[in-house]
Amino acid sequence: RKEVEQDPGPFNVPEGATVAFNCTYSNSASQSFFWYRQDCRKEPKLLMSVYSSGNEDGRFTAQLNRASQYISLLIRDSKLSDSATYLCVVNGRTDSWGKLQFGAGTQVVVTP
Amino acid sequence: DAGITQSPRYKITETGRQVTLMCHQTWSHSYMFWYRQDLGHGLRLIYYSAAADITDKGEVPDGYVVSRSKTENFPLTLESATRSQTSVYFCASSEPARIIGNTIYFGEGSWLTVV
C-alpha cells in the first residue's frame, strides 16, 4: 500500500463550481501536511499547508482528519486557471523532514 | 532572484553512459533533495542532504550517486544509465520544518531519456 494515496481523477469541473477531493495517508505519526499544485510539465509549487484546525486561503480550503487519516482540498468558484494536478504531501515526523511522502496527484480540469 | 536551477533541462543519453544532473540554489538552504517523477508514481525521493557533506538515501537510491561539497550545489550522477532511469528529475531545497508551513522549492526539472 502506498503511504499517500490520491484519486488520480480527472475531476472535470464547470467554471464557477466547487470541487473537493481527498488524500489518505498511512502513517498515523505524520506531523505536517501540504497541498502542492503542479501544472503540466512544470515543477510543483506550494499551494497551502494544512493545519489541524483546517484553514482557508481565498477560494481554497484544506482540512485534516487525523482520526480517519486523510486531508482534503476544496476549491470554490473554480477558475480555468485552477486546472492543474494537486499533490498531497505528508511528512512523517519532525525529525524526518528529508523524507516527505508525495501522492501521485489529483488532476483537476476546469471547463468553460 | 535566481532561486534553484537545474541543468541540463533536457538530455538524451545511451544506456551505460554516465550522466550528471546539476542543481544549484542561491538561498543557502540547508536541505536539498532529488526526486524523480514517473507517471502513476508521483514524486519519489532519490537522495537528500541535510547539510554540506551529509547525504542520505531516499526511497529509490539504486543506480544514483550524490555529493554535496558545497551548500549550494547538489549534483546527481547516474553511474551507468539504464532505460528505467528515463524520467523527470526535480531538485528541491528548503530549510527544515521548524515551523508548520515551511516550503520546499523545486527546480524546473531535468527531462532525461535513456535510449
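What counts and what doesn't
Residues numbered from 1 in each chain as written. Chains lettered and ligands numbered in written order. Predicted model: local features only at pLDDT ≥ 70, side-chain atom pairs only at ≥ 80, totals over all residues. Heavy atoms only, no water. Helix = DSSP H or I, 4+ residues; strand = E, 2+ residues; numbered from the N terminus. Rg over C-alpha atoms; globule rule 2.2 N^0.38 Å. Buried < 20%, exposed > 50% of the residue type's maximum accessible area, 1.4 Å probe, protein only. Contact = heavy atoms within 4.5 Å. Areas by Shrake-Rupley, 256 points an atom, 1.4 Å probe, with all protein chains shown as cover. Lys, Arg positive; Asp, Glu negative; His and termini not counted. Charge placed at Lys NZ, Arg CZ, Asp CG, Glu CD.

### Some points on the overall build of chain B
Okay, step 1: A tally of helices and strands in chain B yields 0 helices and 11 strands.
Okay, step 2: Ordering the α and β elements of chain B from the N terminus gives β-β-β-β-β-β-β-β-β-β-β.
Okay, step 3: For 115 residues, the compact-globule formula gives about 13 Å, and the C-alpha radius of gyration of chain B, at 14 Å, lands near that figure.
Okay, step 4: The dimensions of chain B, computed from C-alpha atoms along their principal axes, are 45 × 30 × 25 Å.
Okay, step 5: For chain B, the residues scored as buried account for 50% of the 115 residues in total.
Okay, step 6: A sequence separation of at least 24 residues applies to 55% of the contacts in chain B between residues at least 6 apart.
Okay, step 7: Total accessible area on chain B is roughly 5,600 Å²; 49% of this is exposed by carbon and sulfur atoms.
Okay, step 8: Here chain B holds 10 positive side-chain charges and 11 negative ones, and the gap between their average locations is 5 Å.

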